[in-house]
Amino acid sequence: MADHTHVLFVEDDDVIREATQLALERDGFAVTAMPDGLSGLEAFRADRPDIALLDVMVPGLDGVSLCRRIRDESTVPVIMLSARADSIDVVLGLEAGADDYVTKPFDGAVLVARIRAVLRRFGHAGGGDRSEAGGPGAGDGVLTFGELEIDTEGMEVRRAGQPVALTPTEMRLLLEFSSAPGTVLSRDKLLERVWDYGWGGDTRVVDVHVQRLRTKIGQDRIETVRGFGYKLKA
């Protein structure tokens, strides 16, 4: 999977940047490494990488702001890197549109595994520009929940007839809910199915993505079942 996969890596610590770049290249990734957010944004626009690894605390344009800028232009997967596991760092990164996060210091093998997991769920489709999204979906495979319509073949969502722009992770999350409407899905189950975690993960990733999804499809469409998880209202 790593062959021909282009990684944008933004990290201001010279030692971490160089060591991580070498580790990723040994695993077959092509890496563009930048020391600050502004050069990272320029590299993203010039190279259109397959995935971006962004440290939260970089100069010029911090990682969270860089993630927002990338998300305005593309659905390319983003993994945030943070030296702390504080809720504020994690939540800010995820709310900005990141798909996952890794806490530093990290093991190189763990980082590679997380990158591959993200790429698997994105289908490794390339840079993910919004302008390159597929055409109108076919009439078949359309699920309807009130004013919400989900075209499971065309991978398109409409709310009250208006298109809803979802990231691939948000789309996968919605498809999990829509495949079993009215059924409670636990956070751990969603981590396994959507984030491809074969191990325990941080359930805050699920919670923030559910909140992001609610803002797009309707706050009352996904119901919280306290102590158990979430369900899509049929």
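Scroll up a little and you will see the structure.
Residues numbered from 1 in each chain as written. Predicted model: local features only at pLDDT ≥ 70, side-chain atom pairs only at ≥ 80, totals over all residues. Heavy atoms only, no water.

1. Focus on unusual backbone geometry
A negative phi holds for most residues other than glycine; trans holds for most peptide bonds. Here the amide bond leading from K104 into P105 is cis, since omega sits at 0°, within 30 degrees of zero. The topology assignment puts P105 in the loop between β5 (100-103) and α5 (108-122). Look at R48: it is not a glycine, yet its phi comes out positive at around 45°. Summarising the element assignment, R48 is placed in the loop between α2 (37-47) and β3 (51-55). (Helix = DSSP H or I, 4+ residues; strand = E, 2+ residues; numbered from the N terminus.)

2. What about helix α3 (residues 63-73)?
Those residues of α3 lying buried are G63, V64, L66, C67, I70 and R71. The buried residues of α3 all sit within an arc of 155° when viewed along its axis, so they share a single face. One side-chain oxygen of the residue at the start of α3 lies 3.0 Å from the amide nitrogen of V64, identifying that residue as D62. (Buried < 20%, exposed > 50% of the residue type's maximum accessible area, 1.4 Å probe, protein only. Arc of directions from axis to C-beta. Polar contact = N/O pair within 3.5 Å; in protein donor to acceptor, adjacent residues only side chain to side chain.)

3. Some remarks on the sheet that holds strand β7 (residues 148-151)
Spatial strand order, β6-β7-β8-β9: four strands in an open sheet with antiparallel pairing. Two strands close off the open sheet at either side, each with one partner strand: β6 (142-145) and β9 (162-164). With strand direction ignored, the average angle separating the axes of adjacent strands in the sheet is 25°. Direction of pairing for β7 relative to strand β8 (residues 156-159): antiparallel, over a ladder of four bridges. (Pairing = 2+ DSSP bridges. Axes fitted to C-alpha atoms, helices over the stretch in contact; angles between N-to-C directions.)

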